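# A structural walkthrough
Each chain is listed here by its residues.
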Amino acid sequence: MKFQTTHYHLDLLKDNDRVSAFFEAISQYDSKTDLAYDLGCGSGLLSYFLNEKFTEIIAIEIDKKASMCASENLKTFNNISVVNEDVLKYEFLKKTDLIVCEMLDTALIDEEEVQVLNHARKFLKEDGVIIPNAVINFAELVNMERHYIHWDEGASYEILSEAVNYSKIDFKKKINPNFEDILEFEVNSDGTANGIKITTVTILNDNVVCGPTPMFNPPLLVPIDETNVKCNDLINVKLKYIMGQGIETVKTQLI
């Protein structure tokens, strides 16, 4: 099937690992049931995957051009309705068996996955499912060439520590968007630390886990005050940010 897309959503569709992970997770949903919500549906690809499993699918997209593409792509499916609206303002009328929400980015910092699910979760049936289920965030101490916050898209850096598993976000539970914690890094290489690398792994369901891909949670490199480190040192960094409010909320401090 050919999809009309915006330029941005075309890049998403070209990311085969991302698309395959969601296709597999949706394919493993094991019964044809009543209603699914596709929140932030973009070009409508995930609603297309959902089509054979649900009597009704409501696909919501805030961007007008993207929603027009989704409407065109899905116009032959009588069980799919595309709504051009902000999910946070949408009037949900029925409880659902499944919420699919791919408003994801690294550590959930930039897009509004947390705010949207905190709003929509009350309309999920008690035994309902959210895809993806959760994300796990890791951090590593690094020496990075560019001393400003940026995504790992061919950036040069050296990893100086073991990875720290610093948070798991379960989408079935209410989420506090204000993150703050002190991360302790065990140094495994002498050098100069001037940043941390944040990597997000997405748990789509019990069987499908997807690490970073080019268009799906690429690692984020965040500067810290420069400090010389030696192997076996323990380095503490306070990390804080507001999920869904952008990378400008990210703050670090050596402790």
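Remember, predicted model here, so these are calculated numbers, not experimental data.

### Some details on the sheet that holds strand 10 (residues 178-186)
- The 3 strands are arranged 10-14-15 in an open sheet whose pairing can be described as antiparallel. Sheet topology places strand 10 and strand 15 (251-254) at the edges, where each strand pairs with a single neighbour. Strand-to-strand twist across the sheet, computed as the mean angle between neighbouring axes with direction ignored, equals 20°.
- Here strand 14 (residues 234-242) runs beside strand 15; their pairing, made up of 4 bridges, is antiparallel. The partner of Lys238 across the bridge, within strand 15, is Gln253.

### Brief notes about the sheet that holds strand 2 (residues 54-61)
- An order of 3-2-1-4-5 is seen for the 5 strands of this open sheet, with the pairing classed as parallel. Edge positions in the sheet fall to strand 3 (80-84) and strand 5 (124-131), since each of these pairs with one other strand and no more. The sheet shows a mean angle of 20° between the axes of neighbouring strands, taken without regard to direction.
- One ladder, built from 5 bridges, connects strand 2 with strand 3; its direction is parallel. Bridging across to strand 3, Ile60 finds its partner in Val83.
- The strands touched by helix 4 (residues 64-73) within the sheet are strand 2 and strand 3, with strand 3 carrying the most contacts at an inclination of about 165°.
- Lying over the sheet, helix 5 (residues 113-120) contacts strand 1 (33-39), strand 4 (96-101) and strand 5, oriented at roughly 170° with respect to strand 4.

### Some thoughts on the nonpolar core
- With 72 residues, the main nonpolar core has Leu39 and Tyr166 as its most contacted residues.
- Ranked by residues supplied to this core, first place goes to helix 2 (residues 16-27) with 5 residues.
- What Leu39 contacts, discounting residues up to four positions off in sequence, is Ile60, Val87, Phe92, Ile99, Val100, Cys101, Glu102, Met103, Val116 and Ala120.

The rules behind the values
Residues numbered from 1 in each chain as written. Predicted model: local features only at pLDDT ≥ 70, side-chain atom pairs only at ≥ 80, totals over all residues. Heavy atoms only, no water. Pairing = 2+ DSSP bridges. Helix = DSSP H or I, 4+ residues; strand = E, 2+ residues; numbered from the N terminus. Axes fitted to C-alpha atoms, helices over the stretch in contact; angles between N-to-C directions. Contact = heavy atoms within 4.5 Å. Core = buried A, V, L, I, M, F, W, Y, C linked by side-chain atoms within 4.5 Å. Buried < 20%, exposed > 50% of the residue type's maximum accessible area, 1.4 Å probe, protein only.

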